[in-house]
Amino acid sequence: MNSAPSVFFYDRATDVVDHTSEVLEGFRRKAKFISPKFFYDERGSQLFTEITHQPEYYLTRTETALLQEHAGEISDLIGEDILLIEFGSGSSTKIRILLENLRPSIYAPLDISRDYLAQAAQALGSEYPWLEVHATCVDFTGDFELPFRSEQRHVSFFPGSSIGNFERTEAEVFLKRVRQLVGEGGGLLLGVDLKKDETVLNAAYNDRAGITRDFNLNVLSHLNREYGTDFNEAAFDHLARYNPDEGCIEMFLVSRVEQTVTLANESFRLEEGEVIHTENSHKYAVDEVRQMALNAGFGSIRIWSDQDELFAVFYLS
Ligand SMILES: C[S@@+](CC[C@H](N)C(=O)[O-])C[C@H]1O[C@@H](n2cnc3c(N)ncnc32)[C@H](O)[C@@H]1O
């Protein structure tokens, strides 16, 4: 679909991953699991954007401030005439901080949330008429390829500490894949939430306005609509807590009652108090990221962090 001269949209959502099998596999486990990627239907994306405005959610404002403060230096390091690929672009808000300085030839946002991505790409195309936007709806946990060709040098942007949703070993594998994608001369601008006092972390994932709770519960409505499950949101509570042994925030839905849920003709029983694990958000020390980047084959690493060392932005090349 080509919706405007400079905005192109590619739908590759189901090319590489069978989502129904993935949901079923998560439910058959002893400790039930739903991948965090299922948070993101259109409402989920809107709720996530609302989360980023909550006072407890320091991640977005800290990363944004870092990008603003260092935009010139970051742009100089990255260089001109690039293909800029953003993983999990959501509202494409953060990239706006860099666009005027960077002036990439092509901006390629990738996201699983189809309608939200399409709207964000259109908005960006209208705001920056000089920019060519190639938006792809894709599950980036699969082994996908870009649906278009570009001779430009490739640079990736992966903000929001979304890398924290991967298990630690998977995160390194993902970095390796990005390194292959960007190739020689390419780079990755990566935002990572750092390890810190757990009261700060617990507050960020339990905002007082209850937006993270609504975001967590919304995964059930998304599964009902897309995969034909019969969840009742009201029968679950939100639970998010820091696990210091794993160095990660773990998010769950807690069954308020004993209940049965069906998916693709299979029934799953939930005891009262039983949890469904919906997200891990791993927190890193700067040195852990440095090591992971080296293991993934990146040679040069630049790091910017805030005074309180809440968050860090890395440029790996
Ligand atoms: C935590 S939000 C971050 C949004 C934005 N980049 C930011 O920094 O504020 C994660 C984004 O990644 C997308 N996403 C999550 N899992 C994905 C997957 N497996 N494949 C593609 N996009 C995914 C979501 O739709 C969402 O827009």
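Residues numbered from 1 in each chain as written. Predicted model: local features only at pLDDT ≥ 70, side-chain atom pairs only at ≥ 80, totals over all residues. Heavy atoms only, no water.

1. Observations regarding the site of the ligand
Part 1 of the argument: In the vicinity of the ligand lie 17 residues, with Gly88, Lys94, Asp111, Asp139 and Phe140 positioned nearest.
Part 2 of the argument: Lysine 94 has a polar side-chain atom sitting 2.6 Å from an oxygen atom of the ligand.
Part 3 of the argument: With the chains in place, 92% of the 590 Å² that the ligand exposes on its own is no longer accessible.
Part 4 of the argument: For the shell around the ligand, the residue count by class is six nonpolar, six polar and five charged. (Near = heavy atom within 4 Å. Polar contact = N/O pair within 3.5 Å; in protein donor to acceptor, adjacent residues only side chain to side chain. Areas by Shrake-Rupley, 256 points an atom, 1.4 Å probe, with all protein chains shown as cover. Nonpolar A, V, L, I, M, F, W, Y, C, P; charged D, E, K, R; others polar.)

2. Let's talk about the packing of helix H2 (residues 42–51) against helix H6 (residues 114–127)
Part 1 of the argument: Interaxial distance between H2 and H6 falls to 7 Å at its minimum, and their mutual angle equals 60°. Taken together, the axes of H2 and H6 lie oblique to each other. Together, Glu42, Ser45, Gln46 and Thr49 of H2 and Asp115, Tyr116 and Gln119 of H6 make up the contact between the two elements.
Part 2 of the argument: Along the lines of polarity and charge, the residues of the contact of H2 with H6 split into one nonpolar, four polar and two charged. (Axes fitted to C-alpha atoms, helices over the stretch in contact; angles between N-to-C directions. Helix = DSSP H or I, 4+ residues; strand = E, 2+ residues; numbered from the N terminus. Parallel < 35°, antiparallel > 145°, perpendicular 65-115°, else oblique. Contact = heavy atoms within 4.5 Å.)

3. Notes on a negative patch on the surface
Part 1 of the argument: Together, Glu167, Glu170, Asp245 and Glu246 make up a negatively charged patch on the protein surface.
Part 2 of the argument: Its location among the elements puts aspartate 245 in the loop between strand E8 (236–243) and strand E9 (248–255). (Patch = residues over 30% accessible without salt bridge, like charges linked within 9 Å, V, L, I, M, F, W, Y side chains within 5 Å. Salt bridge = Lys/Arg side-chain N within 4 Å of Asp/Glu carboxyl O. Lys, Arg positive; Asp, Glu negative; His and termini not counted. Charge placed at Lys NZ, Arg CZ, Asp CG, Glu CD.)

4. Topic: the pairing of strand E3 (residues 82–87)
In the case of a regular strand, side chains alternate between the two sheet surfaces.
Part 1 of the argument: Most of E3 is tucked away, with six of its six residues classed as buried.
Part 2 of the argument: Of the two faces of E3, the one carrying Ile82, Leu84 and Glu86 and the one carrying Leu83, Ile85 and Phe87 are both buried.
Part 3 of the argument: Inspection of the sheet shows E3 paired to strand E6 (residues 153–158) by five bridges, in the parallel sense. Bridge pairing in E6 places leucine 84 opposite valine 155.
Part 4 of the argument: Across five bridges, the pairing between E3 and strand E4 (residues 106–111) is parallel. From the neighbouring strand, phenylalanine 87 faces E4, where its bridge partner is leucine 110.
Part 5 of the argument: Chirality of the crossover, the property in question, places the unit of E3, helix H5 (residues 95–102) and E4 among those that are right-handed. (Buried < 20%, exposed > 50% of the residue type's maximum accessible area, 1.4 Å probe, protein only. Pairing = 2+ DSSP bridges. Right-handed = clockwise from strand over helix to strand, strands pointing away.)

5. Things to note about the side chain of glutamate 279
Part 1 of the argument: Secondary-structure assignment places glutamate 279 in strand E12 (residues 275–282).
Part 2 of the argument: Within the structure, glutamate 279 has its side chain in polar contact with the side chain of asparagine 165 (distance 3.2 Å).
Part 3 of the argument: In this view, glutamate 279 contacts Pro36, Phe39, Asn165, Tyr205, Ile249, Glu250 and Met251; residues no more than four positions away in its chain are not counted.

6. Considering the sheet that holds E12
Part 1 of the argument: As summarised here, the arrangement of the three strands in space is E8-E9-E12, forming an open sheet in which the pairing is antiparallel. On the outer flanks of this sheet lie E8 and E12, each paired with one strand and no other. Across the sheet, the axes of successive neighbouring strands diverge by a mean angle of 20°, strand direction being ignored.
Part 2 of the argument: In this structure, E8 lies alongside E9, joined through eight bridges in antiparallel fashion.

7. Here's the deal with the domain arrangement of the chain
Part 1 of the argument: Parsing the chain into structural domains produces domain 1 (19–46 + 198–282) and domain 2 (57–196 + 284–316).
Part 2 of the argument: A C-alpha centroid distance of 26 Å is found between domain 1 and domain 2.
Part 3 of the argument: The partner domain 2 presents 19 residues to the 20 residues of domain 1 that form the contact.
Part 4 of the argument: For the pair domain 1 and domain 2, the two sides together bury roughly 1700 Å², of which 50% comes from carbon and sulfur.
Part 5 of the argument: For domain 1, the biggest contributors to the area lost against domain 2 are Lys37, Glu42 and His282; these three give 34% of the whole.
Part 6 of the argument: At the junction of domain 1 with domain 2, the criterion picks out one salt bridge.
Part 7 of the argument: In this structure, the salt-bridge partner of lysine 37 is aspartate 139, at a minimum N-O distance of 2.6 Å.
Part 8 of the argument: At the junction of domain 1 and domain 2, the tally comes to 16 residue pairs in polar contact (both at pLDDT 80 or more).
Part 9 of the argument: Within the residue set of the side of domain 1 that touches domain 2, elements represented by two or more residues are H2, helix H8 (198–204) and E12. (Domains from an automatic or database assignment. Buried area = accessible area lost by both parts, 1.4 Å probe.)

8. Points about the nonpolar core
Buried together is how nonpolar side chains tend to be arranged in soluble globular proteins.
Part 1 of the argument: Judged by nonpolar contacts, the single largest core of 65 residues is most densely connected at Leu189 and Phe236.
Part 2 of the argument: Looking at this core element by element, the count peaks at seven residues for helix H9 (residues 211–227).
Part 3 of the argument: Split by domain, the residues of this core number at least three in each of domain 1 (19–46 + 198–282) and domain 2 (57–196 + 284–316).
Part 4 of the argument: The next biggest cluster of nonpolar side chains, apart from the first, holds 33 residues, and it includes Leu146, Phe158, Ile163 and Phe174. (Core = buried A, V, L, I, M, F, W, Y, C linked by side-chain atoms within 4.5 Å.)

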